[in-house]
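Observations on the model geometry
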Amino acid sequence: MKVIVGLGNPGIRYALTRHNIGFWVVDHLAEEWKIPVQKEKWKALVGEGQVNGEKVILLKPETYMNLSGESVRPALKWLKCGVENLLVIYDDLDLPPGRIRLRMKGSAGGHRGVQSLIDHLGTQEFKRIKIGIGRPKVPIPVPDYVLGRFGREEEEPIAGAVDRSAAAVQQWLERPFPEVMNQFNRDLSADQ
């Protein structure tokens, strides 16, 4: 079993914001795999299905970003799933828009949703895909920036990042994560 979590904020108001890019990847996978993410469980929208013989859980916490751990921990506990089968997808200010980076573990790096996961799971050792949203080019408070929408010039690189992130998740169902990480971290096509 694999549990794939996209981080974001619930509701129409936040649907197209930078902070919701983790939700976008889960939605992309849900469409590709024909797994509706509609059940309400564990303070989240959840979809369950089979992909290439592997049971897959798609999860979008409905707790708001900063409380994401309140959803993910009970889900893993109920599913009897260890963190080694968890993959979390979220936005990253320190990567340029469209760049993705896969990691096996790490600190929250100032991301409050990730910090909530670390606090509730009691470990930093969970797989993640970080999607670059860049830092604001003009002085603007970070919360306003991450809750804002992408600019027109960012749309193409971000769409590419969502596609590559979904492809990385697909690869993880078939290959060890370190191999997938090496492949996708080496792919610099987002910078072209």
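Residues numbered from 1 in each chain as written. Predicted model: local features only at pLDDT ≥ 70, side-chain atom pairs only at ≥ 80, totals over all residues. Heavy atoms only, no water.

**Some thoughts on the pairing of strand β1 (residues 2–6)**
What counts, and what does not: Partly exposed residues are those whose accessible area sits between 20% and 50% of the maximum for their type, while under 20% is buried and over 50% is exposed, using a 1.4 Å probe and protein chains only. Strands are runs of DSSP state E lasting at least two residues, helices are runs of H or I lasting at least four, and both sets are numbered from the N terminus onward. Here the rule is simple: two strands pair whenever DSSP picks up at least two bridges between them.
Counted residue by residue, β1 has 5 buried out of 5 residues, so it is predominantly covered. Judged from the 4 bridges that link them, β1 and strand β5 (residues 86–92) form a sheet pairing that is parallel. Note that in β5 the partner of V3 across the bridge is L86.

**Things to note about the confidence of the model for the protein**
Quick note on the threshold: By definition, pLDDT measures how confident the predictor is in each residue, and it falls between 0 and 100.
Taken as a whole, the protein shows an average pLDDT of 92; of its residues, 97% reach a score of 70 or greater. Put simply, helix α4 (residues 142–146) is where the protein has its lowest mean pLDDT, 85, and β1 is where it has its highest, 97.

**Here we look at the sheet that holds strand β6 (residues 100–103)**
Applicable threshold: Angular values range over 0 to 180 degrees, each being the angle between N-to-C directions of two axes fitted as lines to C-alpha atoms, with helices fitted over their stretch in contact. Between two residues, a contact is recorded if the distance between any of their heavy atoms is within 4.5 Å.
If you trace the 7 strands from one edge of the open sheet to the other, you get β2-β3-β4-β1-β5-β7-β6, paired in mixed fashion. The sheet is open, and its two edges are formed by β2 (39–41) and β6, each paired on a single side. Going from strand to strand, the sheet's axes swing by 25° on average, the running direction of each strand aside. Together, β1, β3 (44–51), β5, β6 and β7 (127–132) form the strand contacts of helix α5 (residues 152–172), whose direction differs from that of β7 by roughly 165°. Packed onto the sheet, helix α6 (residues 177–186) meets β5, β6 and β7 and runs at close to 155° relative to β6.

**Remarks on the pairing of strand β4 (residues 54–61)**
Every other side chain in a regular strand lies on the same face of the sheet, so the side chains alternate between the two faces. Burial within β4 is extensive, with 7 of its 8 residues counted as buried. Alignment of β1 against β4, held across 4 bridges, turns out to be parallel. Bridging from a neighbouring strand, V3 pairs with I57 of β4. As paired elements, β3 and β4 share 8 bridges and run antiparallel to each other. What sits directly across from G49, in β4, is V56. Where β3 folds back on β4, the antiparallel hairpin that results is connected by 2 residues, among which N52 adopts a positive phi of roughly 50°.

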